[in-house]
Amino acid sequence: TVRLNYVSRNSETYIFNMIDTPGHVDFTYEVSRSLAACEGVLLVVDATQGIQAQTIANLNLAMQNDLAIVPIINKIDLPSADPDGVREQLEDILQIESENAVLTSAKQGLGIEEVLESVVNKIPPPKGEKNLPLRALLFDAWYDSYRGVISLVRLMEGEIKKGSRIRLMATRGEFEVEELGNFTPAPKTRDSLSAGDVGYLIAGIKQLDQTKIGDTVSEANGPSVVPLPGYKEIKPMVFSGLYPIIGDQYELLRDALKKLRLNDASFTYEPETSTALGFGFRCGFLGLLHMEIIRERLEREHK
């Protein structure tokens, strides 16, 4: 996420909270929670490749959340670009008016101002009352070996301050807020976040599985609130057996998987044995791409 200050053509200053989402189908649930934190989407279509399967899938998620949609045709500077053909695809396949599509080239900086002006004109400002009890959507988290878990939250209602105690409603964990802030894109600390803000939260959480994507953050000592809709447990869809080539390396493999688990709560593993392969682990992944990512990280980081 990144927080941007933008001065429009009419000299008014706006604050944008931008979220970049993965496009692959393996991470559909994560995308859906990121979209739930937004008021609108920039639907980026490659001018050389046109509309792809994940484009349609993510557009359907955005429409289910009733979000404003700004179509963008990127890479128009390439020789093989066909922006007119992509315009036709927008109308025929996605049923989106192509006259509103913004032609851009991120490489050459073409159309960037038009994109920002489209955000101002077509995406509504966030709703939510600062005076209501705290309800914040936790839509991403990762593990830092020095700070613990860093969570990204979108405040739907209420306010959260440094030093206050919060409750994660799905896991029922209670923690004290140590640091709040935004990415600009460098981290910038703040004393509080209020309704409509997107920012990061550090609260001394030691394990990533104590934070669930889509969970609702509320006040530990405040009034009870209804959790935000859409939360569900992430279940692995692909399973694979993982065994060390040399039996003596079993302990090393177990330690490597434990470290990976710290950074990816959706990755699961449990010990298993095979008469042919010996001791190993049964690992669960969100999909084939997720499995390839985990295997690649094991090879790179834990040799």
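The paragraphs below set out a description of the structure included in this document.

Parameters at a glance
- Sequence positions are assigned chain by chain, starting from 1 and proceeding in written order.
- Selection of residues for local features in this predicted model requires a pLDDT of at least 70, selection of side-chain atom pairs for listing and counting requires 80 or more, and totals for whole chains, interfaces and linings are taken over all residues.
- In computing side-chain values, all of the structure's heavy atoms are included and hydrogens and water are not.
- Labels follow the DSSP assignment, with helices taken as runs of H or I lasting at least four residues and strands as runs of E lasting at least two, numbered in each case from the N terminus.
- Only protein chains enter the accessibility calculation, which uses a 1.4 Å probe; a residue whose area is less than 20% of its type maximum is buried, one above 50% is exposed, and one in between is partly exposed.
- Contacts: residue pairs with any heavy atoms within 4.5 Å of one another.
- Per-residue and other accessible areas were derived by the Shrake-Rupley procedure at a 1.4 Å probe size, with only the shown protein chains allowed to occlude residues.
- Positive charges come from Lys and Arg, negative ones from Asp and Glu, while His and the chain ends are left out of the count.
- By convention, charge coordinates are those of NZ in Lys, CZ in Arg, CG in Asp, or CD in Glu.
- Of the two site types, the cavity is a set of points on a 1 Å grid over the protein atoms alone where a 1.4 Å probe fits but cannot get out, and the pocket is an open set with protein on both sides within 12 Å along at least five of seven lines, each lined by residues with an atom within 4 Å of a point.
- Grid points are joined across faces, edges and corners, and a volume is the space filled by probe spheres set on the points.
- Residues were grouped as follows: Ala, Val, Leu, Ile, Met, Phe, Trp, Tyr, Cys and Pro as nonpolar; Asp, Glu, Lys and Arg as charged; and all remaining residues, including Gly, as polar.
- Nitrogen and oxygen atoms within 3.5 Å of one another constitute a polar contact, given that in protein one can donate a hydrogen and the other can accept it, and given that sequence-neighbouring residues count only through two side-chain atoms.
- Comment: axis = line fitted to C-alpha atoms, over the contacting stretch for helices; angle = value between 0 and 180 degrees taken between N-to-C directions.
- Each angle receives one of four descriptions, namely roughly parallel if under 35 degrees, roughly antiparallel if over 145, roughly perpendicular if within 65 to 115, and oblique otherwise.
- By the definition used in this description, the sense in which the near helix is turned from the far one sets the handedness, with an anticlockwise turn below a right angle giving left-handed and a clockwise turn giving right-handed.
- Pairing between strands requires that DSSP locate at least two bridges from one strand to the other.

The next thing to look at is the overall build of the protein chain. From N to C terminus, the protein chain includes six helices and 18 strands. Taken over the C-alpha atoms alone, the protein chain extends approximately 65 × 55 × 30 Å along its principal axes. Here the protein chain, with 303 residues, has 41% of them falling under the buried criterion. Pairs at least 24 residues apart make up 66% of the contacts formed inside the protein chain by residues separated by at least 6 positions. If you sum the accessible surface of the protein chain, you get close to 16900 Å²; carbon and sulfur atoms cover 49% of it. For the protein chain, the separation between the mean place of its 32 positive charges and that of its 43 negative charges on side chains is 6 Å.

Bringing the layout of surface pockets into the picture now. Considering only enclosed or pocket space, the second largest pocket measures out at about 730 Å³ in volume. What lines the second largest pocket is a set of 32 residues, among which Glu30, Asp140, Ile213, Asp264 and Ser266 lie closest to the centre. Elements with a contribution of two residues or more to the lining of the second largest pocket: helix H1 (28–36), strand E6 (135–144), helix H5 (250–263) and helix H6 (288–301). In terms of residue count, the dominant contributor to the lining of the second largest pocket is H6 (four residues). Among the residues making up the lining of the second largest pocket, the classes are represented as 15 nonpolar, eight polar and nine charged.

Before going further, it helps to spend a moment on the side chain of Asn74. By secondary structure assignment, the location of Asn74 is in strand E4 (residues 68–74). Of note is the side chain of Asn74, whose polar atom sits 3.3 Å from the backbone nitrogen of Ala106.

The next subject is the packing of H1 against helix H2 (residues 53–64). When two helices pack together, their arrangement is given by the angle between their axes and by how far apart the axes lie. The interhelical angle for the contact between H1 and H2, taken along N-to-C directions, is 40°, at an axis separation of 10 Å. It follows that H1 is oblique to H2 by the angle criterion. In the packing of H1 onto H2, the handedness of the crossing is right-handed. Contacts between H1 and H2 involve Thr28, Val31, Ser32 and Leu35 from the former and Asn58, Leu61 and Ala62 from the latter.

This part is about the sheet that holds strand E3 (residues 40–46). What the three strands build is an open sheet, ordered E3-E4-E5; its pairing is parallel. Because the sheet does not close on itself, it has two edges, and the strands there are E3 and strand E5 (102–103). Where E4 and E5 come together, two bridges link them in parallel fashion. When the bridges of E5 are listed, Ile72 appears paired with Val102. Each of E3 and E4 touches H2; the most contacted strand, E3, lies at about 165° to it. Most of the contacts of helix H3 (residues 83–92) go to E4, to which it runs at about 155°, and overall it touches E3, E4 and E5.

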